[in-house]
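Next come the chains, spelled out residue by residue.
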Amino acid sequence: MSKPANTKKASPKNIPGYTHVQTVAGIEEYVLKSNGLRVLYHHRPDTEVVTTNITYLVGAVDETLGKSGLAHMLEHMLFKPTVDDKKAKIANGSAMKFEREVGCILNANTWKDRTTYYFSYPAQYLDTALKIEAQRMTGVILNQKELGPEQKNVLSEFDMYNGDPYFALSVQLVSTAFLSHPYGHETIGYREDIEDYTPERLQQFYTDYYRPDNAVMMVIGDIDKKTALETVKQQFTTIKNPATPIPRHHIREPKQEGIRRVSIERSSTTNILSIGFKHAGLGTIEWLTTSVMLNVLTSGPESIFQKLLVDTGKVASIDSSQEPTRDTNLAVMHFTLASNQSHSEIEKIVLDTIAQQLVADITKLVKKVKANMLTDELFSRTSSLQIAAELTEYVASGSWENYAKTPDLLKAITPKMVVESMKMQFKPENLTIGTFIGK
Amino acid sequence: MTLDIKPTEYFSLATVSSKKSDIVKAIITTDAHDQNNLNQQAVEYLYLDMLLSGSGTYSREEFLDAVNMLGASIDVNITEGKVSFVLQSTAAQFSKLLALFKTMLQEPIFSATELKRVKNTTLNQLHQAKEDSKSIALDELRNLFYGVADRKYTYSIEDSMLEVPKVTLAQLKSFHQSVQVNHWFCSVGGDKTTISLFEKFLKANKKTNDVVEGTHQPKPPNPVLQLANIPSRQNIDLSIGLPLPITRSHPDFIPLGFAVAVLGKAGGFAGRLMSTVREKEGLTYGIYAQLEGFATDEQGYLRIMTFFAPDKAVEGLGSTFREVKKLYQSGVTQAEVTAFKTILSTQQSLVKDSFGRMLADVHAYQSEGFSIAQMEEHKRALYAVTRADINRVIKIYLDPALLSVSGAGPTIGVQKELRAWYQSVQ
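What counts as what
- Residues numbered from 1 in each chain as written.
- Chains lettered and ligands numbered in written order.
- Predicted model: local features only at pLDDT ≥ 70, side-chain atom pairs only at ≥ 80, totals over all residues.
- Heavy atoms only, no water.
- Buried < 20%, exposed > 50% of the residue type's maximum accessible area, 1.4 Å probe, protein only.
- Helix = DSSP H or I, 4+ residues; strand = E, 2+ residues; numbered from the N terminus.
- Arc of directions from axis to C-beta.
- Contact = heavy atoms within 4.5 Å.
- Pairing = 2+ DSSP bridges.
- Axes fitted to C-alpha atoms, helices over the stretch in contact; angles between N-to-C directions.
- Buried area = accessible area lost by both parts, 1.4 Å probe.
- Salt bridge = Lys/Arg side-chain N within 4 Å of Asp/Glu carboxyl O.
- Nonpolar A, V, L, I, M, F, W, Y, C, P; charged D, E, K, R; others polar.
- Polar contact = N/O pair within 3.5 Å; in protein donor to acceptor, adjacent residues only side chain to side chain.

Draft legend 1. Examining helix α15 (residues 387-397) of chain B more closely. Residues and elements named next belong to chain B. Every buried residue of α15 is accounted for by Ile390, Asn391, Val393, Ile394 and Tyr397. Down the axis of α15, the buried side of the element spans an arc of 165°, and every buried residue falls inside it. Residues of α15 that are buried sit in contact with β8 (236-243), α9 (253-264), α11 (313-330) and α12 (334-350).

Now the structure itself:
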């Protein structure tokens, strides 16, 4: 943590062109006065490496019926040439050029509430990386010539995921769990929607959401604050926000009144039972309690279901997932059945076991899970890429400063809270159950 | 952070030392490969779980409890007969973790009851692997390049499922004995106190240094198209490659590595395959090439890994082969050589961002027997490679007519077209 300064002149937070918002756990938040771009700065000395990460608050949650996957498709298009690239005759676009000529780490990912682009590179390339981000905030060319091949790549990506029985079942599971809320479709979208994308549709989405007041820029690494913030300002300060407000869909999910079910049948040797339950969004103690609960139930050889189902040969493997999203979402436990086991029998064992859990039975497991999660947190904060990745989820959840609170929140979770969480979340009116039946 | 590698009589130790660190991570790798046969592979399938199934006075559950209560972990993995232990904890708990690790290594129980359980769970996992199209495509490709006695040859899942039930406790104990007595390559990252703790642990507990002469059985190129039908998949996973008759210490290895990076640098978009087959033609989401299976004394191979939709498979393979042919005929450009040297320099710098990457980097070097000076010298040598060197080795080793193709996925409807295409490029 930086020491508090006494004089205005000496204040590390008094940066021309910016308003300092807060400093939490060594991470400083500023807002660029000219256009509202938020900047998070975190100094990691002696590494010679900088990671810059820009997160736009747009994701699958902003897509409407028939337009699933638009945010993800647009993410792909931001690696294509911009207007400035065309002028400078950079055929493959500056982002690709940067990677192909310098070897920086570059990538992007889209999730329910956000789209994130990042570069990791030796510190001397800060200006190059930020220039690319600024140019592609508004200057991406969206026409059929550029869209066509990339659309095929996204379809290839979709088929890659959809060939996986777990993914295929998850798609059906979330669409069954959510009748109205846009978390009911996967980020990549439906194949049919992807096939129907047009440049005009993408352009509208791009104009609506890619703007300084809908973005958070992170600069993390071995770079002094003055240089970092000056460079951000230099590249972004002239970008204007559209006059129109950022479109948001405030959709409330209708009440669920019993277990929802879905099934897939495919030619396969795999049989899966997936049990999904809705849980609170990231940044709350409820989200972390759910995380502890899922670990108690499914993670590692000493977890409840590993011992009960894997060790006894009823199930080949168990996986679970819980997404770090802003709103209530669906966490899922996947049980891959051993040969000759029935979906219904495993479902009965799982739900009966959860109903019988007592505080005394899980106290030791909760303690172990918390100890491991706390150590994992320490390890996850040892590289700028990992710090940026974790911070991104908190940015998208609405309060990045909860990133700093995670260890304390984790410590506060008790076995009683975990048992209460199980009781609440495994009620029939909170469950969605899916089966993948191999034929 | 400071790097060091110290050879000792029974083990070598690489260290990534920082002034202050709340965490510590240690890696121990040993080569327990003696011979490759069906039984040995079945033993390796069972070994890891058996090792974590009780030690000393601890039952399996008690042992796992003891590790987890520290907020620590001991992960064990095995690849081609090389066993690696990864220990991770806070600095404050590291001495307790080492005590548990010592018990695990020196007093494993290997009980008949646990063996029954582990066989059962392993058979379930093998059954699950029958639809792992990526692994199947890779294994089938490697089996074309190596004889059955080589550690890189993999027996079929069906044969393994018949062999697993036959594995005995004596066979598992014998394998464990090799893990204990063979040379250990050790690396640790942390502060001076935890590094010193780890070194003392090694000195007190590692007093043997056997070397097992494993069998290595590379085969010459014999181009083949091999297809496995897995109807539940949507894409055909492909491993395309050819065996390379050199080892890591051969002077052609570095220029060959450059050539393959230009063709399809793993990760990112820099390789020619990504910029053409993906970017320009939109035929796949990812396509990379790399050298695999090499060691100082073992020959490796080139592998191109990708996937195509069944109806794009012929077109995709055609594009892939076209790029290899172009490289073979025209070589790399000076601009590519210059760019890839910059890329290399950036990648070496990026290692410094992460404690974990620095540890993994130095561990990889020391596992090949490098000292710090040799590691630095090797990194410098990468920059000395010339376009002429690269283009010379391309002509020697990367003839597209010698490429084998192994595919796994929904191939049944396109096998005829794929075989006709493959014949046309031979």
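There's plenty left to go through after this.
Draft legend 2. Spatial organisation of the sheet that holds strand β12 (residues 431-438) of chain A. Residue and element names in this part refer to chain A. With mixed pairing, the 5 strands of this open sheet are ordered in space as β8-β12-β9-β11-β10. With one partner strand each, in any of the chains shown, β8 (260-266) and β10 (315-321) form the two edges of the open sheet. Direction aside, the axes of adjacent strands within the sheet are offset by 15° on average. Relative to β12, strand β9 (residues 272-279) runs antiparallel, the two being bridged by 6 bridges. Bridge pairing in β12 places Gly276 opposite Thr432.

Draft legend 3. Expanded view of the pairing of strand β4 (residues 73-79) of chain B. Here 7 bridges tie β4 of chain B to strand β5 (residues 82-90) of chain B, and the two strands are oriented antiparallel to one another. Residue pairing across strands places Ser73 of chain B opposite Gln88 of chain B, the latter belonging to β5 of chain B.

Draft legend 4. View of the interface of chain B and chain A. Each side of the interface is counted separately: chain B has 56 residues, and chain A has 64 residues. Of all residues in chain B, the largest losses of buried area upon contact with chain A belong to Phe269, Tyr285 and Asp353 of chain B, amounting jointly to 13% of the total for that side. Where chain B packs against chain A, one counts 10 salt bridges. Among the ionic pairs, Asp65 of chain B bridges to Lys368 of chain A, the shortest N-O distance being 2.2 Å. Where the side of chain B that touches chain A is concerned, the elements lending two or more residues are β3 (23-31), α2 (60-69), β5, α4 (112-128), α10 (272-280), α12 and α13 (355-367) of chain B. Taken together, the residues of the side of chain B that touches chain A sort by class into 16 nonpolar, 24 polar and 16 charged.

Draft legend 5. Representation of the side chain of Arg136 of chain A in the model. All names here are of chain A. Tracing the sequence through the fold places Arg136 in helix α4 (residues 126-138). A residue is classified by how much of its surface remains accessible, and Arg136, at 2% relative accessible area, is buried. Among the polar contacts listed, one links the side chain of Arg136 to the backbone oxygen of Leu78, at a separation of 3.0 Å. In contact with Arg136, other than residues within four places in its own chain, are Leu78, Phe79, Thr82, Ala95, Tyr117, Phe119 and Tyr206.

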